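# Fold and geometry: a report
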Amino acid sequence: MEIQFIGAAQTVTGSMHLIKANGKKFLLDCGLFQGKRKEAFELNRNFEFFDPKEIDFVILSHAHIDHSGNLPSLIKKGFNGKIYSTFATRDLASIMLQDSAHIQVKDVEFVNKKRKKKGQNPFEPLYTQEDALLTLKHFVGINYHREFEVAPGILLTFFDAGHILGSSIIFLKINENGTIINLGFSGDLGRINMPILRDPEKIPDVDFFICESTYGGRFHKDIKDAEEDLAQVIQKAYNQKGKILIPAFSVGRTQELVYSLHK
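Residues numbered from 1 in each chain as written. Predicted model: local features only at pLDDT ≥ 70, side-chain atom pairs only at ≥ 80, totals over all residues. Heavy atoms only, no water.

## Topic: the overall build of the protein
When its secondary structure is counted, the protein shows seven helices and 11 strands. The C-alpha radius of gyration of the protein comes to 20 Å, within 12% of the 18 Å expected for a compact globule of 263 residues. If one aligns the C-alpha atoms of the protein with their principal axes, the spans along those axes are about 70 × 55 × 30 Å. Within the span of the protein, comprising 263 residues, buried residues form 42% of the whole. A total of about 15400 Å² of accessible surface is found on the protein, and carbon and sulfur atoms cover 52% of it. A distance of 9 Å separates the average location of the 33 positive side-chain charges in the protein from that of its 32 negative side-chain charges. (Helix = DSSP H or I, 4+ residues; strand = E, 2+ residues; numbered from the N terminus. Rg over C-alpha atoms; globule rule 2.2 N^0.38 Å. Buried < 20%, exposed > 50% of the residue type's maximum accessible area, 1.4 Å probe, protein only. Areas by Shrake-Rupley, 256 points an atom, 1.4 Å probe, with all protein chains shown as cover. Lys, Arg positive; Asp, Glu negative; His and termini not counted. Charge placed at Lys NZ, Arg CZ, Asp CG, Glu CD.)

In structure tokens:
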């Protein structure tokens, strides 16, 4: 078995890991690199370390764009396999990939206005909503805790990661020439005792574990303390007849905020 870390290694975006095992090549996640426009444009458009046509399948941990957002590009470059995810991840991706495509198109329109004034050739968007809709046809939904053979000798099981709806920890049992290798991939892990979502689950013992560590060196406040802080901010703004602007992910954080505001 070989593992190649292509994205979300020494950075926190563009999650993508290439696995070669039992004669198969597959990806754990295929995320959009989100950064400076020119750098992101080149990284997302070009798959430098592999030919998409040679990828047999993709296993998707969850629907956030830095984990799923470059799937349409992969398909445009020739990938024709299955994309395995939980059912909720598939449902969220149906919305988020189309939204991402809309952003790609509008961003390129903005850039092309400037390029036209300079007499430069226009850019093409990374992908369109039609590409996003085509991508959804490749999805295969699998329930949590159901062992599923994605290829001969490669068994996949999803466990709840407690991060957003449908998020999963990926557990793979790989039989390679009679040797059993258990591989885990955390995706993005949630916190315990959070509203709306279940706690992250424990998975069986593994030989190798790929783990995200974005908040690995940070201690979070108790959710009750966070809600009290939020209440104080809102009360202060209300007293001053001000406004509150909250930058938040459209999935996950926004749900938590709406839930807290409702309480």
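## Here's the deal with the pattern of salt bridges
One pass over the structure, following the stated rule, counts eight salt bridges. Among the ionic pairs, glutamate 54 bridges to lysine 25, the shortest N-O distance being 2.9 Å. Linking glutamate 54 in the loop between helix H1 (37-45) and strand S4 (57-59) with lysine 25 in strand S3 (residues 24-28), this pair joins segments that are 29 residues apart in sequence. Judged by its relative accessible area of 42%, glutamate 54 falls in the partly exposed class. For lysine 76, the salt bridge identified is with aspartate 131, shortest N-O distance 3.8 Å. Taken as a pair, lysine 76 in helix H3 (residues 71-76) and aspartate 131 in helix H5 (residues 129-136) lie far apart in primary sequence, 55 residues in all. (Salt bridge = Lys/Arg side-chain N within 4 Å of Asp/Glu carboxyl O.)

## Concerning the packing of helix H4 (residues 87-117) against H5
Relative to each other, H4 and H5 sit at 155°, their axes nearing to 8 Å. Taken as axis vectors, H4 and H5 run roughly antiparallel relative to one another. Crossing handedness for the pair H4 and H5: right-handed. Contacts between H4 and H5 involve Ala93, Ser94, Leu97, Gln98, Ala101 and His102 from the first element and Gln129, Ala132, Leu133, Thr135 and Leu136 from the second. Residue composition of the contact of H4 with H5, grouped by class: six nonpolar, five polar and no charged. (Axes fitted to C-alpha atoms, helices over the stretch in contact; angles between N-to-C directions. Parallel < 35°, antiparallel > 145°, perpendicular 65-115°, else oblique. Left-handed = near helix turned anticlockwise from the far one by under 90°. Contact = heavy atoms within 4.5 Å. Nonpolar A, V, L, I, M, F, W, Y, C, P; charged D, E, K, R; others polar.)

## Looking at H1
Taken together, the buried positions of H1 are Ala40, Phe41 and Asn44. Down the axis of H1, the buried set is contained in an arc of 105°. They therefore lie on one face. Next to the buried residues of H1 lie H3. (Arc of directions from axis to C-beta.)

## Details of the sheet that holds S3
Read from one edge to the other, the open sheet built from six strands follows the order S1-S2-S3-S4-S5-S6, with strand pairing classed as mixed. A strand with exactly one partner marks an edge of an open sheet, and here the two such strands are strand S1 (2-7) and strand S6 (139-141). If you compare each strand with its neighbour and ignore which way they point, the axes differ by 25° on average. Of the strand pairs in this sheet, S4 and strand S5 (residues 82-85) are connected by three bridges, and their pairing is parallel. Across the sheet, valine 58 pairs through a bridge with isoleucine 83, a residue of S5. In this fold H4 packs onto S5 and S6, with an angle of close to 145° to the strand it touches most, S6. (Pairing = 2+ DSSP bridges.)

## Remarks on the sheet that holds strand S11 (residues 208-210)
What the five strands build is an open sheet, ordered S7-S8-S9-S10-S11; its pairing is mixed. In this open sheet, the two edge strands, each paired with only one partner strand, are strand S7 (148-151) and S11. Taken pair by pair, the neighbouring strands of this sheet meet at an average axis angle of 25°, ignoring direction. Strand direction decides the pairing type here: strand S8 (residues 154-160) and strand S9 (residues 168-176), joined by seven bridges, are antiparallel. Paired with phenylalanine 159 across the two strands is isoleucine 169, which belongs to S9.

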